[in-house]
Amino acid sequence: MFAPAAIGGYVATTLAVFAVLALGARWAGVPAPGIALRCMCSVHVNAAYFALPVLDFLFGDASAIFPVVLFQVCGLTVIVLAVLEHGSAGAGERRGVPRAVGSALATPVVVACTAGVLANLAGVRVPAPVLEGLEFAGAAASPVALFALGLHVGTHGMRWRPVARVEYFLIAMKCVGFPLLMWAALRYVFGLSGPTLAMFVVIAAMPAAQNAFIYAQRYDGEIDLVAAAVVKSTVLTAALLPVWMLVLPR
């Protein structure tokens, strides 16, 4: 599950693409919250609720998704939320970097993931009634997020409208550019091949996570753009998945 070359390659490639996209957006004059959300839409994948069943169906093994989830929640999410916390406040109340990072680390999803890992390492056994209640609440997380996304799309109406180039770019980057870059890096830099390479490329090809939409709502940043990226990348991912499986080794 924690193969150093595979996980290290995935993390390094993701952070490198994230940094390049952030620098490009900064050069284009995009505000800090917009940079964070656009980068998240480009490299943060819908791991738990899309990639997990896909990997289980295609490879009969979804274990590779769990270290990716940990990396995204405890690494990428903290970076994105710290930027949003630091850049979303008004000029008179702008938070410093340490306070912004502290706020990001105190976010419930980060606290929950970190606490779960520490409890697992410490061998803590949760009483069965408590665990059942937590599982019930946790199972509602994705449907609630998807409901909020659908409510936003429904409120604004499904209509033909001009699409900005940045929207095309985000969707193409998430569904095609990022997985191709991941394939090239893992294949030629980290020396992966076979099913392991295919699994991590498929993970990279998953759509943008609905968490990006939740954060866009929370910090009032480019909600329409993020909602479109999440919805359209999900549709395009489903259409491209057979193509990936034809060209990737298994």
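Please read all numbers here as calculations on a predicted model, not as lab measurements.

**Things to note about the pattern of salt bridges**
Inspection of the entire model under this criterion finds two salt bridges. We note a salt bridge from R38 to E222, for which the minimum N-O separation is 2.6 Å. You can see R38 sitting in helix α2 (residues 32–43) and its partner E222 sitting in the loop between α11 (211–219) and α12 (223–247), a full 184 residues away along the chain. In this structure E222 comes out as partly exposed when scored by relative accessible area, which is 31%. E167 is paired through a salt bridge with K232; the nearest N and O atoms lie 2.5 Å apart. Residue E167 is found in helix α9 (residues 165–188), and its partner K232 is found in helix α12; the two are separated by 65 residues along the sequence.

**Considerations on the packing of α9 against α12**
For the pair α9 and α12, interaxial distance at closest approach is 9 Å and the crossing angle is 35 degrees. For the crossing formed where α9 meets α12, the hand is right-handed. Residues V166, E167, L170, I171, K174, C175, V176, P179 and L180 of α9 form the contact with α12, whose own contacting residues are L225, A228, A229, K232, S233, L236, T237, L240 and W244.

**Description of the packing of α9 against helix α10 (residues 194–204)**
Where α9 contacts α10, the two axes come as close as 8 Å, and the packing angle between them is 155 degrees. In this view, α9 runs roughly antiparallel relative to α10, as classed from their interaxial angle. For the crossing formed where α9 meets α10, the hand is right-handed. Contacts from K174, F178, P179, M182, W183, L186 and R187 of α9 reach α10 at L197, F200, V201 and A204. Its residues assigned to classes, the contact of α9 with α10 shows nine nonpolar, no polar and two charged.

**As for the side chain of T13**
Positionally, T13 belongs in helix α1 (residues 4–27). According to the relative accessible area criterion, T13 is buried, its value standing at 8%. Ignoring anything within four residues of it in the chain, the contact list for T13 reads L181, M182, A185 and F190.

**Brief notes about the side chain of E85**
With respect to the helices and strands, the residue E85 is situated in helix α4 (residues 65–88). Only 2.7 Å separates the side chain of E85 from the side chain of Y219, close enough to count as a polar contact.

**Digging into the nonpolar core**
Judged by nonpolar contacts, the single largest core of 69 residues is most densely connected at Y10, F200, V202 and I203. Secondary structure elements with two or more residues in this core: α1, α2, α3 (47–59), α4, α9, α10, α11 and α12. Ignoring anything within four residues of it in the chain, the contact list for V202 reads V54, L55, F59, L241, M245 and L248.

**Comments concerning the packing of aromatic side chains**
Scanning the entire structure with this criterion turns up three aromatic pairs. Centroid distance Y10 to F178: 6.4 Å. Interplanar angle 75 degrees. Geometry classified as edge-to-face. One end of the pair, Y10, is in helix α1; the other, F178, is in helix α9, with 168 residues separating them in the sequence. In this structure, Y10 and F178 share a single accessibility class: buried. The interplanar angle of 90 degrees and the centroid separation of 5.5 Å between the aromatic rings of W183 and Y188 together place this pair among those described as edge-to-face. You can call W183 partly exposed: its relative accessible area is 30%.

The rules behind each value
- Residues numbered from 1 in each chain as written.
- Predicted model: local features only at pLDDT ≥ 70, side-chain atom pairs only at ≥ 80, totals over all residues.
- Heavy atoms only, no water.
- Salt bridge = Lys/Arg side-chain N within 4 Å of Asp/Glu carboxyl O.
- Helix = DSSP H or I, 4+ residues; strand = E, 2+ residues; numbered from the N terminus.
- Buried < 20%, exposed > 50% of the residue type's maximum accessible area, 1.4 Å probe, protein only.
- Axes fitted to C-alpha atoms, helices over the stretch in contact; angles between N-to-C directions.
- Left-handed = near helix turned anticlockwise from the far one by under 90°.
- Contact = heavy atoms within 4.5 Å.
- Parallel < 35°, antiparallel > 145°, perpendicular 65-115°, else oblique.
- Nonpolar A, V, L, I, M, F, W, Y, C, P; charged D, E, K, R; others polar.
- Polar contact = N/O pair within 3.5 Å; in protein donor to acceptor, adjacent residues only side chain to side chain.
- Core = buried A, V, L, I, M, F, W, Y, C linked by side-chain atoms within 4.5 Å.
- Phe/Tyr/Trp six-rings, centres within 6.5 Å; stacked < 30°, edge-to-face > 60°.

Remember that the coordinates give geometry; whether it matters functionally is a separate question.
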